[in-house]
Amino acid sequence: ETGVTQSPTHLIKTRGQQVTLRCSSQSGHNTVSWYQQALGQGPQFIFQYYREEENGRGNFPPRFSGLQFPNYSSELNVNALELDDSALYLCASSATGGQGEVSGANVLTFGAGSRLTVL
Amino acid sequence: SQQGEEDPQALSIQEGENATMNCSYKTSINNLQWYRQNSGRGLVHLILIRSNEREKHSGRLRVTLDTSKKSSSLLITASRAADTASYFCASSTGANSKLTFGKGITLSVRP
């Protein structure tokens, strides 16, 4: 059983550029969530994907967008990067029915994260 | 926005001692979870307690939940240097599996 893998692990961009982060979910998991974690803070929910559709979104602007693919892997895209976008981006997968907790689910398995620095 | 607030923000103890961390949340929840994070890496799930449960154990971990006070505590018994990490509580309302995390507690266990 493989865990959640994210790529790249580190990247540096300049303000105004665009970035794509990738995530492969754990085997058997059908839901992917993305979180942003600023330095010294807890993770903030960006959005969740289930069955290739966005299934919940946090307080992030539309320039944050995502995709989920038929194999449940996912991408996070951020356009027009701003300095405040510098953070650790965490992908997490879970085995839910898309409607919340199912038999003790909604336990998240996190990847190691992609650390984005915007200069 | 972050619903949970943990306290203390930082905790330093000697190996072998117990570590108690507290968490408060604001809205009604379906379950509350605790996660651990080492050095800015990914988070690891530790334990989940449902809203109709009051106490749960897993190995050296004991978690309690008081829904009337909207608070939870995590006790790590007989701490080890390897327990040094940041600990986060995360609440779930059950909708969309979204978790709302607190700011975290930094635990240092001195050998």
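These notes cover the structure that comes with them. In this text the structure is predicted, and so the values were computed from the model without any measurement.

### A short note on the overall build of chain A
Within chain A, the secondary structure is distributed over 0 helices and 11 strands. Shown N-terminal to C-terminal, the secondary structure of chain A runs as helices and strands in the order β-β-β-β-β-β-β-β-β-β-β. Its C-alpha atoms give chain A a radius of gyration of 14 Å, near enough to 14 Å, the size a compact globule of 119 residues would have. Seen through its C-alpha atoms, chain A measures out along the principal axes to roughly 45 × 30 × 25 Å. The proportion of buried residues among the 119 residues of chain A is 52%. If you take every contact in chain A between residues at least 6 apart in sequence, the share linking residues at least 24 apart comes to 56%. About 5400 Å² of surface is accessible on chain A, with carbon and sulfur atoms providing 48% of the total. The distance from the centre of the 7 positive side-chain charges to the centre of the 9 negative ones in chain A is 8 Å.

### Digging into the packing of aromatic side chains
For the coordinates displayed, the defined rule picks out 9 aromatic pairs over all chains. Pairing A:Phe110 with B:Phe101 gives two aromatic rings, centres 6.2 Å apart and planes at 70 degrees, and the pair type is edge-to-face. Of this pair, A:Phe110 sits in strand S10 (residues 109-110) while B:Phe101 sits in strand S10 (residues 100-101), each in a different chain. Each member of the pair, A:Phe110 together with B:Phe101, is buried.

### What about the nonpolar core?
In this structure, B:Met21, B:Leu32, B:Trp34, B:Leu74, B:Ile76, B:Tyr87 and B:Leu107 are the most contacted members of the largest nonpolar core, which totals 22 residues. Membership of the second largest hydrophobic core comes to 20 residues, among which are A:Val32, A:Phe64, A:Leu81 and A:Val118.

### Side note on the state of the cysteines
For the structure on display, the rule yields 2 disulfides over all chains. In this model A:Cys23 forms its disulfide with A:Cys91; the gap between the sulfur atoms is 1.8 Å. Between A:Cys23 and A:Cys91, the S-S torsion sits near -65 degrees, and that sign places the bridge as left-handed. Note that A:Cys23 is positioned in strand S3 (residues 19-24) and A:Cys91 in strand S9 (residues 87-94), a separation of 68 residues in sequence. Assigned by exposure class, A:Cys23 and A:Cys91 land together as buried. Here B:Cys23 pairs with B:Cys89 through a disulfide, and the sulfurs are 2.0 Å apart. What sets the handedness of the B:Cys23 and B:Cys89 disulfide is the S-S torsion sign, and at about 70 degrees it is right-handed. Linking B:Cys23 in strand S3 (residues 19-24) with B:Cys89 in strand S9 (residues 85-92), this pair joins segments that are 66 residues apart in sequence. Just as B:Cys23 is buried, B:Cys89 falls in that class too.

What counts and how
Residues numbered from 1 in each chain as written. Chains lettered and ligands numbered in written order. Predicted model: local features only at pLDDT ≥ 70, side-chain atom pairs only at ≥ 80, totals over all residues. Heavy atoms only, no water. Helix = DSSP H or I, 4+ residues; strand = E, 2+ residues; numbered from the N terminus. Rg over C-alpha atoms; globule rule 2.2 N^0.38 Å. Buried < 20%, exposed > 50% of the residue type's maximum accessible area, 1.4 Å probe, protein only. Contact = heavy atoms within 4.5 Å. Areas by Shrake-Rupley, 256 points an atom, 1.4 Å probe, with all protein chains shown as cover. Lys, Arg positive; Asp, Glu negative; His and termini not counted. Charge placed at Lys NZ, Arg CZ, Asp CG, Glu CD. Phe/Tyr/Trp six-rings, centres within 6.5 Å; stacked < 30°, edge-to-face > 60°. Core = buried A, V, L, I, M, F, W, Y, C linked by side-chain atoms within 4.5 Å. Disulfide = S-S within 2.5 Å.

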